[in-house]
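A look at the structure
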Amino acid sequence: MSTRIERLAARLDDPLLVTGLVNVRYLTGLESSNAVVLVEPAGEATLYTDFRYAEAASVVEDARFEQTPRAVLPALAERFSGRRIAVEAAHLSLADAETLRRGGVELVSTSGLVETLRAVKEPGELDALRRAAAISDRVYAELAAQPFVGRTEAELAWWLEQAWHEEGADGPAFDAIVAFGENGARPHAKLRDEPIPADTLVVVDAGCAVDGYRSDCTRTFFTGEPEGRLRELYDLCLRAQLDGLAAVAPGAAGRDVDAASRVAIGEAGMSELYGHGLGHGVGLDVHEGPTLRPESDAVLEPGNVVTVEPGLYLAGDVGVRIEDLVVVTTDGCERLTTVTKDPTRVA
Ligand code: ZN
Ligand code: ZN
């Protein structure tokens, strides 16, 4: 199997200066806050970083290492003067672009070249994602046995943080969302210090990182009997989630998978309560390609790892969201997060 750099090189017309730090990590394995890699169409690659990362950069196998001063791009502007260089438009600041241009570098804007490779996971990446999801399953099962009523959202978020470490994750994948009542109606709710009451819904959206790869899972818990109006909302969200899962398959368009999750909610007259896309890709970043949204141009292929996460948000009242992480297989998808979605009452 060819290396990631070789596969990237095969897609290039001009040398590509990779400045996205996650893309640099993907191509070279180097975790750095200050590194870039130049990949030539012929397959040669040079990794540039400063003294602090020199030891780690010198053992990278797929790219030659050249040390630069801390200000990497001004140094490269000199070296690349007179050359035509492709850059990652999403990962190069205007200031850095001007630095390169002033040095006499001709810039060609590109987008998504490395991200397209990242969207299809290799077996080793899938293994890390599976391990992260397995930890997530254990932590959510333990969470369901925790007392909720009387504790605050912030307390439960700290419990989660500790649980990730105890179960062997490197740490959280992102800041956990724990949101009851009207806070649950905010898709990206901030943690509050108010005690969780009885007879409400609590949305918990959290994940962990294993070898840089993220899990992402949401469950919505009942602090009362799972019945009545809240149960109806939950069941509708679950219907939408199952419909979305059933539509995930190789060859399916991201927008069509998204649309499948909107049918039941539309029939219930609640379309306006589901205001975000169905899901997103997950890997080294918790939000990457492909996307499952009404405007998505993505077409799914085996090895994509995406979330399926419809939600219903009643502003000022309550919210529900259910999210699984799945891998696209040759004939559908396989759930990586498998913790129960049966309506769950917590104490
Ligand atoms: Zn999530
Ligand atoms: Zn998500």
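Residues numbered from 1 in each chain as written. Chains lettered and ligands numbered in written order. Predicted model: local features only at pLDDT ≥ 70, side-chain atom pairs only at ≥ 80, totals over all residues. Heavy atoms only, no water.

**Quick notes on the domain arrangement of the protein chain**
Our working rule: Domain extents, as shown, originate in an automatic or database domain assignment. Only heavy atoms enter the contact rule, under which two residues are in contact if any of them lie within 4.5 Å. When two parts are brought into contact, each loses some accessible area as probed by a 1.4 Å sphere; the total of that loss over both is the buried area. Each reported salt bridge corresponds to a side-chain nitrogen of Lys or Arg within 4 Å of a carboxyl oxygen of Asp or Glu. Here a polar contact is taken to be a pair of N or O atoms separated by no more than 3.5 Å, where protein atoms must pair a possible hydrogen donor with a possible acceptor and residues adjacent in sequence count only if both atoms sit in side chains. Put simply, DSSP marks the helices as runs of H or I at least four residues long and the strands as runs of E at least two long, and each gets a number from the N terminus on. The nonpolar class holds Ala, Val, Leu, Ile, Met, Phe, Trp, Tyr, Cys and Pro. Asp, Glu, Lys and Arg form the charged class, and all remaining residues, Gly among them, are polar.
By the assigned domains, the protein chain splits into domain 1 (2-118) and domain 2 (123-335). Using C-alpha coordinates to define each centre, domain 1 is positioned 34 Å away from domain 2. Each partner contributes to the interface: domain 1 provides five residues, whereas domain 2 provides seven residues. Both sides together, the interface formed by domain 1 and domain 2 hides about 530 Å², and carbon and sulfur atoms give 41% of it. Per-residue buried area on domain 1 facing domain 2 is highest for V22, R25 and R118; these three make up 72% of the total on that side. Between domain 1 and domain 2 we count three salt bridges in total. Summed over the shared surface of domain 1 and domain 2, the number is two residue pairs in polar contact (both at pLDDT 80 or more). Looking at which element gives the most residues to the side of domain 1 that touches domain 2, the answer is helix α2 (residues 21-28), with three residues. Residues belonging to the side of domain 1 that touches domain 2 are distributed by class as follows: two nonpolar, no polar and three charged.

**What about the coordination of the zinc ion (ligand 2)?**
The textbook angles at a metal center are 109.5 degrees for a tetrahedron of four donors and 90 or 180 degrees for an octahedron of six. To keep things clear, this is the line we draw: With water omitted from the atoms examined, metal sites may look incomplete; donors here are N, O and S atoms no farther than 2.8 Å from the metal, or 3.2 Å in the case of Na, K and Ca. When four donors show all angles between 85 and 135 degrees the site is tetrahedral, when four or six donors have opposite pairs over 155 degrees and all other angles between 65 and 115 it is square planar or octahedral respectively, and in every other case it is irregular. Remark: exposure states derive from per-residue accessible area (1.4 Å probe, protein chains only) relative to the maximum for the residue type, with buried under 20%, exposed over 50%, and partly exposed in between.
Surrounding the zinc ion (ligand 2) are the protein donor atoms D216 (OD), H280 (NE2), E309 (OE) and E323 (OE), which sit 2.1 to 2.2 Å from the metal. Viewed at the metal, the four donor atoms of the zinc ion (ligand 2) are separated by angles of 78 to 150°, and the geometry they form is irregular. D216 sits in the buried class, given a relative accessible area of 3%.

**Here we look at the pattern of salt bridges**
Using the criterion set out here, one finds 32 salt bridges in the structure. Residues R131 and D127 are paired through a salt bridge, measuring 3.2 Å at the closest nitrogen-oxygen approach. Placement of the pair is R131 and D127 together in helix α7 (residues 123-143), with a separation of four residues, close to one helical turn. Overall, the relative accessible area of 36% leaves R131 in the partly exposed class. Ionic pairing is found between D324 and K341, a salt bridge with its closest N-O pair at 2.7 Å. Of the two residues, D324 sits in strand β18 (residues 324-328) while K341 sits in the segment after β19 (333-335), which places them 17 residues apart along the sequence. Grouping residues by exposure puts D324 and K341 together as buried. If you follow the salt bridges from partner to partner, you end up with R4, R7, E122 and E125 in one network.

**Considerations on the layout of surface pockets**
Which entries qualify depends on this criterion: Space inside and on the surface of the protein is sampled on a 1 Å grid over the protein atoms alone, with a cavity defined as a set of points where a 1.4 Å probe fits but cannot get out and a pocket as an open set with protein on both sides within 12 Å along at least 5 of 7 lines; lining residues have an atom within 4 Å of a point. Grid points are joined across faces, edges and corners, and a volume is the space filled by probe spheres set on the points.
The space that makes up the largest pocket amounts to roughly 640 Å³. Forming the walls of the largest pocket are 29 residues, and the residues nearest its centre are F174, I177, H188, D205 and H287. For the lining of the largest pocket, the elements supplying multiple residues, two or more each, are α8 (153-166) and β13 (279-281). In terms of residue count, the dominant contributor to the lining of the largest pocket is α8 (five residues). Residues of the lining of the largest pocket, tallied by class, amount to 14 nonpolar, six polar and nine charged. In this structure, the second largest pocket spans a volume of roughly 200 Å³. Of all the secondary-structure elements, those providing two or more residues to the lining of the second largest pocket are α6 (113-118) and β14 (288-292). Here the lining of the second largest pocket is built from residues that sort into five nonpolar, four polar and two charged.

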